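If you want the building blocks of each chain, they are given just below.
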Amino acid sequence: MIRIAVTGPESCGKSTLSKALAEHFNADLIEEFGRTYLEQTDGKYSQHDLDTITAGHLKNIQLSQNSTQIIDTDFVVMQIWSESKYGNVSESIMQQVNANHFDLHILCTPDIPWEQDVLRESQYDREALFESYKSALTRSGKNFIIVKGSHTERLEKSVNSINTVLI
């Protein structure tokens with residue numbers, strides 16, 4: 001089983017790229033559980049909810065039986081979210097960050113225009129958050145690439161990198 005995670009700060013194209021990659025590779029798309037969860041709470045949450053979101057996201061990943069999975073949002077998102085919002089990270093989130101769930105992480109740069117969304121909170125912090133993602137992926141020894149530019153450029157670089165994982 002090959003699992004590819006698409007990660008990065010808010011409004012950096014994760015969902016768009018994830019959908020395109022799932023279609024290209026005829027893979028299962030595991031959508032961001034946090035969005036579904038927050039839509040049910042009208043965007044209200046506490047730090048404990050981040051653990052619930054992490055558990056729900058992991059469950060959805062584990063339910064897929066397709067040999068190739070594209071996952072919209074990884075557990076580093078939960079780590080950075082908790083660090084930036086609450087100044088710390090729970091042990092359960094760090095367990096998932098430190099687990100080796102994914103064969104490749106695709107880190108999206110925030111070089112595309114911000115799209116307003118009632119669930120988004122960090123319009124003016126995207127560059128700093130991007131650096132936090134890059135540092136966290138590096139510190140934890142994750143296999144990752146960085147994609148930037150147009151949707152076509154991001155998709156092409158991602159497809160090429162995934163093809164090397166699939167071999």
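Since we're looking at a predicted model, the values are computed, not measured.

A few points about the sheet that holds strand β1 (residues 2-7)
Within a beta sheet, neighbouring strands are joined by backbone hydrogen bonds and run either parallel or antiparallel to one another.
Moving on, step 1. Taken in spatial order, the 5 strands of this open sheet run β2-β3-β1-β4-β5, and their pairing is parallel. One side of each edge strand has no neighbouring strand; the edge strands of this open sheet are β2 (28-30) and β5 (144-147). Taking each pair of neighbouring strands and ignoring which way they run, the sheet shows an average axis angle of 20°.
Moving on, step 2. Taken together, the 4 bridges between β1 and strand β4 (residues 104-108) define a ladder with parallel strand orientation. Looking at the pairing, V6 lines up with I106 of β4.
Moving on, step 3. The sheet strands contacting helix α1 (residues 14-25) are β1, β2, β3 (68-72), β4 and β5, and the helix crosses β3 at an angle near 170°.

Brief notes about the environment of P9
Moving on, step 1. Position of P9 relative to the elements: it lies in the loop between β1 and α1.
Moving on, step 2. Sequence separation between P9 and R126 is 117 residues; the distance between their C-alpha atoms is 5.8 Å.
Moving on, step 3. With residues near it in sequence (within four places) discarded, P9 still touches K14, C108, P110, R126, L129, F130 and Y133.

Topic: the packing of aromatic side chains
The geometry of an aromatic ring pair is captured by two quantities: the separation of the ring centres and the angle between the planes.
Moving on, step 1. A full pass over the atoms with the stated rule returns 3 aromatic pairs.
Moving on, step 2. With 5.2 Å between their ring centres and 70° between their planes, Y45 and W81 make a pair best called edge-to-face. Pair noted here: Y45 is in the loop between α2 (33-40) and α3 (47-63) and W81 is in helix α4 (residues 75-86), with a separation of 36 residues, a long-range link.
Moving on, step 3. The class of Y45 is buried, set by a relative accessible area of 16%.

Parameters and conventions
Residues numbered from 1 in each chain as written. Predicted model: local features only at pLDDT ≥ 70, side-chain atom pairs only at ≥ 80, totals over all residues. Heavy atoms only, no water. Pairing = 2+ DSSP bridges. Helix = DSSP H or I, 4+ residues; strand = E, 2+ residues; numbered from the N terminus. Axes fitted to C-alpha atoms, helices over the stretch in contact; angles between N-to-C directions. Contact = heavy atoms within 4.5 Å. Phe/Tyr/Trp six-rings, centres within 6.5 Å; stacked < 30°, edge-to-face > 60°. Buried < 20%, exposed > 50% of the residue type's maximum accessible area, 1.4 Å probe, protein only.

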